[in-house]
Amino acid sequence: MTNLIMTLNQQQGRCPEMPEDSPECISDSNCTAGEQSPRSNGIQTGKCVPVNSSTAVHTCEVLAWCPLENDVDLSHHPALLKDAEQFTVLIKNNIRYPKFNFTKRNILPHINGSYLKQCVFNRTTDPDCPIFRLGDIVREAGEDFQEIAVEGGVMGIQIKWDCDLDQSVSKCVPQYTFRRLDNKDVQNTVAPGYNFRFAKYYKGPGEVESRTLIKAYGIRFDVMVFGKAGKFDIIPTMINIGSGLALLGVATVLCDVIVLHILKKKTFYREKKYKYVEDYDLVGNSPACETP
């Protein structure tokens, strides 16, 4: 969580709907008791009431948690938890290739406890360290942490395992890449970033149930693991060689069929492929033999 909007001391009661969530009303006839729209914050009571004492704007009264949340625009203010850029996260990843009965994890054998306590991932100096600074992840994806922290976003951490199991197992190591997953479009600013709501409930004065509603903005990290492994095997190798040789034989026959029977110059090709000779030792009017 990097930013938030708090609505304090909410209690269940009656209050005017927010103007941006409901059209303005003129009289009670514009409000239908028991009606609730997908955008509203509660159920209408059937009354048209002023939004507050300092304005002439009226909206329909609703049964809801009051006061209602005022969803303000945060884009022009810095994030409340901007120092979260320095937070770190340890990622543990285990892989298994069942065909080769091979398993490995991203905490490599040469990483000991003392190294793990002080290392932070760096593509040049510490490429095998599984501890990542949040600011570095966002920076590697080509984004600005302070900008994305205001309204949140979704980052992808990609772990790639490409292993040649004919070589040393020590050469099978994870490769980390980072990218932003949510849509960042300056032309489309509807519902940007990533946020969620939750509430903390408590008993107020007179044992009245109350709550604090929090709309939290943050950066969600999705870890995506993919890769492939291979190992030499004589049986599929011989099968591939045999299949290749068989295809060569089929290709010769197929070419002969096309050239000698389908092409327009098939007579010319037939004359070049076959040579006609006469055997004078044959008796009578024996036909000439044809030899390739």
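Preceding this paragraph is the structure being described.
Counting from 1, residues in each chain are numbered in the order their sequence is written. Whole-chain, interface and lining totals are the exception, using all residues; otherwise, since this is a predicted model, local features are given only for residues with pLDDT of at least 70 and side-chain atom pairs are given and counted only at 80 or more. Heavy atoms throughout the structure, all of them, feed into the side-chain values; hydrogens and water do not.

S.K.: How would you explain the packing of aromatic side chains if you had to name every residue and give the values?
M.R.: Stacked, tilted and edge-to-face are the three classes applied to pairs of Phe, Tyr and Trp rings, where Trp contributes its six-membered ring and a pair requires centres within 6.5 Å; stacked means planes under 30 degrees apart, edge-to-face means over 60, and tilted covers the rest. Under the counting rule described, the total for this entry stands at nine aromatic pairs. Geometrically, the ring pair formed by Trp65 and Tyr201 is edge-to-face, given 5.8 Å between the ring centres and 70° between the ring planes. One end of the pair, Trp65, is in strand 3 (residues 58–66); the other, Tyr201, is in strand 10 (residues 195–203), with 136 residues separating them in the sequence. Whether a residue is buried, partly exposed or exposed follows from its accessible area with a 1.4 Å probe, protein chains only, as a fraction of its type maximum: under 20%, in between, or over 50%, in that order. A relative accessible area of 18% means that Trp65 is categorised as buried. Cluster of aromatic residues (ring-pair linked, three or more members): Phe121, Phe132, Tyr176 and Phe178. Numbering of helices and strands runs from the N terminus, with a helix taken as a DSSP run of H or I at least four residues long and a strand as a DSSP run of E at least two residues long.

S.K.: Tell me what's going on with helix 4 (residues 234–261), and back it up with residues and numbers.
M.R.: A helix's residues, less one, multiplied by 1.5 Å, set its expected span. Look at helix 4: 41 Å from first C-alpha to last across 28 residues, which is about the 40 Å you get at 1.5 Å a residue. Backbone nitrogen of Ile235 and a side-chain oxygen of the N-cap are separated by 3.2 Å at the start of helix 4; the cap is Asp233. Whenever a nitrogen or oxygen atom comes within 3.5 Å of another N or O atom, the pair is scored as a polar contact, on the condition that within protein one atom can donate a hydrogen and the other can accept it, and that pairs from neighbouring residues in sequence are kept only if both atoms are in side chains.

S.K.: I'd like a description of the sheet that holds strand 12 (residues 219–230), backed by residues and values.
M.R.: Across the sheet, which stays open at both edges, the three strands sit in the order 9-8-12 with mixed pairing between neighbours. Edge strands, defined here as strands with exactly one partner in the open sheet, are strand 9 (175–180) and strand 12. On average, adjacent strands in this sheet sit at an angle of 20° to one another, irrespective of strand direction. Here, a strand pair is defined by DSSP locating no fewer than two bridges between the strands. For strand 8 (residues 153–164) and strand 9, the ladder comprises six bridges, and the chain directions are antiparallel. Each bridged residue has a counterpart across the sheet, and for Lys160 the counterpart in strand 9 is Gln175. Only the contacting stretch of a helix is used when fitting its axis, a line to C-alpha atoms as for every element, and angles between N-to-C directions run 0 to 180 degrees.

S.K.: Which residues make up unusual backbone geometry, and what values go with them?
M.R.: The amide bond that connects Cys66 to the next residue, Pro67, takes the cis arrangement and shows omega of 0°. Among the structural elements, Pro67 can be located in the loop between strand 3 and strand 4 (88–90). With phi around 50°, Asn101 is a residue other than glycine that occupies positive phi space. Within the secondary structure, Asn101 is located in the loop between strand 5 (94–97) and strand 6 (102–105). Positive phi, normally seen in glycine, also occurs at Glu207, with a value near 60°. Mapped onto the elements, Glu207 comes out in the loop between strand 10 and strand 11 (209–217).

S.K.: So what's going on with the side chain of Thr2? Which residues, and what values?
M.R.: Among the structural elements, Thr2 can be located in the segment before strand 1 (3–16). From its side chain, Thr2 meets the backbone oxygen of Ala149 in a polar contact 2.6 Å long. Contact partners of Thr2, with chain neighbours within four places excluded, come to Ala79, Leu80, Leu81, Ala84, Phe145, Ala149, Tyr217 and Gly218. We call two residues in contact whenever any of their non-hydrogen atoms come within 4.5 Å of each other.

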